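The lines below spell out each chain.
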Amino acid sequence: MSEPSIFFAEVNERQGVFHRRAFLLGGFAGVGLIALGAQLGRLQLLESERYTKLSASNQFNFKMTPPPRGLIVDRNGVVLASNRPNFRLMVAKEKGLDARATLKTLAEFVPLDDGRQARLFREISNAPRKAPVQIMEDMSWEQFSAINIRAPELPGVTADMGEVRVYPYGGAFAHVIGYVAKVNKTDLTPSGPNADPILLNPGFRIGRQGVEEAFDLDLRGKPGAQKVEVDANGHEVSTDPAGDIKAIPGKEIVLTLDADIQNRAMEVFGAQSGAAVMMDCRNGDILCLYSGPSFDANKFVRGLTGPEYKALAQYDHKPLFNKALTATYPPGSTFKTLVALTCLEHGFDPATVHVCNRAWAWGGRVWHCDKVHGALDLKGAIAQSCDIYFYQAALTVGPDRIAAVARRFGLGDTFDIGIPGQKPGLVPDTAYKKRHFPKDPVWHPGETPSMGIGQGYTHLNPLQLCVQAARLANGRKALHPRLIHSVGGVEQPSGAAFGDLPFEAKHIDFVRAAMAAVTVSGTAAGLSDMGLGDIKMAGKSGTAQAFNYASGHGQHGATGEWKYRDHAWFIAFAPVEEPRYAVSVLVEHGGFGASTSGPLARELLRVALLKDPEIRAKIEKPMPAPEIPQVETDPDVVDPPTPAAAAVQTAQQQTTP
Amino acid sequence: MTVSALTRPGERDRLINKVAEIDWLFCLTISLIAGAGAVMLFSIAGSSWEPWAAKHLGRYALCFGVMILLSLISLRVWFLLAYPIYAVGFLLLVAVDLVGHHALGAQRWLQAGPITIQPSEIMKIGLVLALARFYHGLSGKSAQLSWWLLVPAVLILAPVALVAKEPDLGTAILMLLTGAMVVVLAGLSWRLIAAGVLGLAAVVPAVIMFGLHGYQKQRLTTFMSPENDPSGSGYHILQSKIALGSGGLLGKGYGLGSQSQLNFLPEKQTDFIFATLAEEFGFVGCAFILVLYAAVIFMALRTSYLSHSHFGRLAAAGVTATFALYVLINGSMVMGLAPVVGVPMPLLSYGGTVMLTVMVGFGLVMAVRVHRYAEVTSGKGSLL
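The shown structure was predicted, so the numbers you read here are calculated from the model rather than taken from an experiment.

A few points about the overall build of chain A
- Broken down by element type, chain A carries 22 helices and 23 strands.
- Its C-alpha radius of gyration of 39 Å places chain A more than 25% over the 26 Å reference for a compact globule of 657 residues.
- C-alpha extents for chain A along the principal axes are approximately 160 × 105 × 50 Å.
- Here the analysis covers contacts within chain A between residues at least 6 apart in sequence; of these, 72% occur between residues at least 24 apart.
- Split by element, the accessible area of chain A, about 30,900 Å² in all, is 56% carbon and sulfur.
- Of the side-chain charges in chain A, 68 are positive and 69 negative, and the distance between the mean point of each set is 8 Å.

So, the nonpolar core
- Formed by 136 residues in total, the largest nonpolar core has its most connected members in Leu255(A), Met278(A), Leu289(A) and Phe390(A).
- Both domains that furnish three or more residues to this core are identified here as domain 2 (61-255) and domain 3 (259-485 + 494-614) of chain A.
- Once residues within four sequence positions are removed from consideration, Leu289(A) is found in contact with Val176(A), Leu257(A), Gln262(A), Ala276(A), Val277(A), Ala324(A), Leu325(A), Ile417(A), Ile419(A), Leu463(A) and Leu483(A).
- If you look at the next biggest cluster of nonpolar residues, it comprises 120 residues, including Leu70(B), Leu155(B), Val343(B) and Val365(B).

Describing the sheet that holds strand β23 (residues 581-587) of chain A
All names here are of chain A.
- Taking strand neighbours across the sheet as the criterion, the 5 strands line up as β12-β11-β23-β22-β21 in an open arrangement whose pairing is antiparallel. Since the sheet does not close on itself, it has two edges, and those belong to β12 (286-292) and β21 (538-544), each with one partner. The sheet shows a mean angle of 5° between the axes of neighbouring strands, direction not considered.
- Contacting β11 (274-280), β12, β22 (567-574) and β23, helix α18 (residues 462-474) crosses the sheet at an angle of about 150° to β23.

Concerning the packing of helix α3 (residues 24-44) of chain B against helix α4 (residues 53-72) of chain B
All names here are of chain B.
- It is at 8 Å that the axes of α3 and α4 come closest, and there the two elements cross at 165°. Taken as axis vectors, α3 and α4 run roughly antiparallel relative to one another. Crossing angle aside, the handedness with which α3 passes α4 is right-handed. Of the residues in α4, those touching α3 at Trp24, Cys27, Ile30, Ser31, Ala34, Gly37, Ala38, Leu41 and Phe42 are Ala53, His56, Leu57, Tyr60, Phe64, Met67 and Ile68.
- Residues belonging to the contact of α3 with α4 are distributed by class as follows: 13 nonpolar, 3 polar and no charged.

Re the domain arrangement of chain A
- When the domains of chain A are assigned, the result is domain 1 (3-46), domain 2 (61-255) and domain 3 (259-485 + 494-614).
- Measuring from the centre of the C-alpha atoms in domain 1 of chain A to the corresponding centre in domain 3 of chain A gives 108 Å.

Side note on the sheet that holds strand β8 (residues 224-230) of chain A
Residue and element names in this part refer to chain A.
- Here 3 strands make up an open sheet; going across it, the order is β1-β8-β9 and the pairing antiparallel. Edge positions in the sheet fall to β1 (60-65) and β9 (236-239), since each has one partner strand and no second. Strand-to-strand twist across the sheet, computed as the mean angle between neighbouring axes with direction ignored, equals 45°.
- Where β1 meets β8, 6 bridges bridge the pair, whose relative direction is antiparallel. Its bridge partner lying in β8, Asn61 is registered against Val228.
- The strands touched by helix α2 (residues 48-59) within the sheet are β1 and β8, with β1 carrying the most contacts at an inclination of about 50°.

A few points about the packing of aromatic side chains
Residue and element names in this part refer to chain A.
- Scanning the entire structure with this criterion turns up 29 aromatic pairs over all chains.
- Taking the centre distance of 6.2 Å and the plane angle of 80° together, the rings of Tyr329 and Trp569 count as edge-to-face. Placement of Tyr329 in the loop between α11 (306-314) and α12 (336-345) and of Trp569 in strand β22 is noted, with a sequence separation of 240 residues between them. By the burial criterion, Tyr329 is buried, and Trp569 matches it.
- Considering the side-chain rings of Phe409 and Phe503, the 5.4 Å spacing of their centres and the 10° angle between planes classify their relative orientation as stacked. Separated by 94 residues along the polypeptide, Phe409 in the loop between α15 (399-408) and α16 (430-436) and Phe503 in the loop between β18 (490-491) and α19 (505-520) bring together distant segments of the chain.
- According to the relative accessible area criterion, Phe409 is buried, its value standing at 0%.
- When its relative accessible area of 13% is taken as the criterion, Phe503 is described as buried.
- In textbook terms, an aromatic cluster arises when at least three aromatic residues are bridged by ring pairs, as seen for Trp360, Trp362, Trp367 and Tyr391.
- If you follow Arg100 out to its NZ or CZ, it ends over the ring of Phe121, 3.9 Å from the centre.

Examining unusual backbone geometry
Residues and elements named next belong to chain A.
- Residue Pro293 is bonded to the preceding Gly292 through a cis peptide linkage, with omega at -10°.
- With respect to the element layout, Pro293 can be found in the loop between β12 and α10 (297-302).
- Of the consecutive residues Ala574 and Pro575, the connecting peptide bond is found in the cis state with omega at -10°.
- With respect to the helices, strands and loops of the structure, Pro575 is situated in the loop between β22 and β23.
- For Glu578, which is not a glycine, the phi torsion comes out positive at approximately 50°.
- In this fold, Glu578 is placed in the loop between β22 and β23.
- Exposure remark for Glu578: the relative accessible area of 64% places this residue in the exposed category.

As for the pairing of β22(A)
All names here are of chain A.
- Burial within β22 is extensive, with 8 of its 8 residues counted as buried.
- Side chains of β22 alternate between two faces, with His567, Trp569, Ile571 and Phe573 and Ala568, Phe570, Ala572 and Ala574 buried alike.
- Sheet analysis places β22 next to β23, joined by 7 bridges and oriented antiparallel. Paired with Ala574 across the bridge in β23 is Tyr581.
- The turn joining β22 and β23, which pair antiparallel and follow one another in sequence, is formed by 6 residues; a positive phi near 50° is taken by Glu578.

Thoughts on a nonpolar patch on the surface
- Taken together, the side chains of Leu45(A), Leu46(A), Leu249(B), Leu250(B) and Val284(B) define a hydrophobic patch exposed on the protein surface, amounting to about 510 Å² of accessible area.
- A relative accessible area of 63% means that Leu250(B) is categorised as exposed.

Cut-offs applied
Residues numbered from 1 in each chain as written. Chains lettered and ligands numbered in written order. Predicted model: local features only at pLDDT ≥ 70, side-chain atom pairs only at ≥ 80, totals over all residues. Heavy atoms only, no water. Helix = DSSP H or I, 4+ residues; strand = E, 2+ residues; numbered from the N terminus. Rg over C-alpha atoms; globule rule 2.2 N^0.38 Å. Contact = heavy atoms within 4.5 Å. Areas by Shrake-Rupley, 256 points an atom, 1.4 Å probe, with all protein chains shown as cover. Lys, Arg positive; Asp, Glu negative; His and termini not counted. Charge placed at Lys NZ, Arg CZ, Asp CG, Glu CD. Core = buried A, V, L, I, M, F, W, Y, C linked by side-chain atoms within 4.5 Å. Buried < 20%, exposed > 50% of the residue type's maximum accessible area, 1.4 Å probe, protein only. Domains from an automatic or database assignment. Pairing = 2+ DSSP bridges. Axes fitted to C-alpha atoms, helices over the stretch in contact; angles between N-to-C directions. Parallel < 35°, antiparallel > 145°, perpendicular 65-115°, else oblique. Left-handed = near helix turned anticlockwise from the far one by under 90°. Nonpolar A, V, L, I, M, F, W, Y, C, P; charged D, E, K, R; others polar. Phe/Tyr/Trp six-rings, centres within 6.5 Å; stacked < 30°, edge-to-face > 60°. Lys NZ or Arg CZ within 6 Å of the ring centre and 35° of its normal. Patch = residues over 30% accessible without salt bridge, like charges linked within 9 Å, V, L, I, M, F, W, Y side chains within 5 Å. Salt bridge = Lys/Arg side-chain N within 4 Å of Asp/Glu carboxyl O.

Structure follows, in structure tokens:
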């Protein structure tokens, strides 16, 4: 190839081809750029909205903010369950998290022993991605701030301020209110309100027992969300308060309980095992529902250690058991009030006299009484709680009539008080015997006298006995107990809206008068005086055999081994005229009802009466006007009288005309 | 200064006249693009000159000086050095294949003391020069259809094969297309062009099936349906489209692009810088930059028209083709029109190697312009 071989014309042609093709190249580039512009237009002008959304969902995350759990307050607004701030430490699985190393690092700041580290490691490994696992609760401010400073270099670690449930009165309300605990996977249901796995977030608690469990959904509220800007690694860059979705707090629940009475119940019970229930006998409101001994619900919120739980579960006084609702006992002599009413309703003459010689032979055996009562009429028999009188009284009406009357007083019944756990107990009759004893379906006459004194098959819980006392005290209405006053401001139906008792008023009046006699001259003589002047208490004691004496275990009175002693009952109401409050007290294996439970019942009624403004007004006599010495006033110096002094002066002028 | 004055022998070789012949409007346009790059790099770094923006401007200044110096070098020198440069580039590519530096699973660099050499970049210029040199001595007829065409075929395919083996698919495609473009511009017969296109259409699927590395194949399948794997290999394309689309007409505002500022956008300072710009300045900003690129391509292509020598024409057009391909490939990739290949946006992206290559290429284009009347083969006139 040599240069001269290229001719001029050829050179021109070569140039012409190049020019044409370079024009094409330019055209191609132009078309390419226009295509890019078109694609830009499509993305940025036509589909911009879609990509803006995608960009925002990249940029912003919504962090769940748990709703504050609803408060639980007593009838006067005293807070029984609330929330307090809580510094929490959490670890969430995310990219680059070495859970083991992270836990080791955290152990430098907060106490985490090896066993706990191993348990938390398993928990983190099993948790879904980005779901936080709580490492520590209730950190001190020092721990919280130390970890917060290190948090940026510890992926997945967050220390924040959450809320924890707190029960200011610890034990007094533990059985009624229950407690809250961490939500377990087993708590999640396939559908319904507990289907949402968001509940597994450490910010949520689920109610266990009592009001916390029964009203869990009302108390829970709805979670909100905090809008946070995150980078590609999911780290928070900033927050956007304007974009937050507010959490809806749980509803407030107002109980009918009175914190003062409930707390007093815990004080007066002390270490004794038993239950006390008090109702307003005008509307059925439960003012006190105590079961003792109790436990500190706050410890359950935190989570019990193994030994703590073992100690509670194995204690023979059964602190975890709500004896006010769940435990049933023979009512003992408190039942005589209803046997007497049955007799009266069926034409029994209250003047009928039986003589008590401490022993009475009938039906081929000897029936005992605790002492020689001599000749008694019905009223005296109630007051002195004579068994021999009531053996015979019961025989005159028979078990079915007694049972019918007892059921009218709520015995053997359960009530809708909002929380679960009531055991109906048993009021026996011939039909019951027939149903449950196929081998011996006949009610033997010898079983009636036992029923007449509240023993035998009859088993009742303290709430039922309080309902009985309240209905007797009310005399007219078949009151139902009410524990939940209102939920989120919506008042629950009153306990007075359930119709009337079908008994003659004079018969109930008779029983009430006999109960008044009990505390004046009867088994609980002296208890009627409450130290509140004219306000007196009426009641009925009951000493229920826990074991058959004949078996060698039963112990009458407060001696011998605790678990074999009799149960001590007392039901009462006050004031005797126009009763306002009724109470039932059971002391498990407490010995004599009148001496063990009676004073407790009186003390609880006293607190209730003292809190009642109308009662207070009645018993607080106006103070006699104090002698005010005449002040020697210098007529030359006229001091303008102070308003108080002026008032005193006018009063004196009016009283000394 | 009149044209008659310039026609005096030796007048055009005076430095002052050469400088005056440089296309300063062209220089302004590329400086605007590089400046826009610095503006974006400043924003991405969170309103900071470090670590990118200051370096970018510094490099551009340096490369600009190189470009001016190169533009003053006589086209005869370029012509003489065309084959040697190609040969050096080719030998270095072979050396890379044998002893090259491994990085990111590819063998692209040669380490010579403190200097890192990427032979494929030298080859981008060398290929254009060699092809222009070859066609300069080939008759129009032979360029159309003759056995001589086997020479450019080998000139193109040999380095492309070496680069593809590194593997650097992006550069290989770029070189192949650039070479093909020069061959077409030189006057290849339309029949052969058609045959070539058909041949490619037949060969490409086979290459995709059997000749690609695993990650290259994955990039292709990802490109076909990025939404299938949004957090995996489809991430780049999807995030880039989100950045573009969410920019809208006017953009999110300078420094406010959440996709780039919060690191959702990968390679935001290099290959995907256009997406960053699109996010913060919207359609208006993008259109402005595209117009600047179009102007650069137009001005460079016009230079090839002005040249009196076939070498100058083809060299300038070849560089223009390379530049245009850079812009189109990167643009398509960022906008989700092409699979992800490691091709940056020239002048806008951060990165010294490509900047130097492009500016050396522009130095050649400017040299073609400055020496457009010069005879490349005769011994007359100074070499500088």
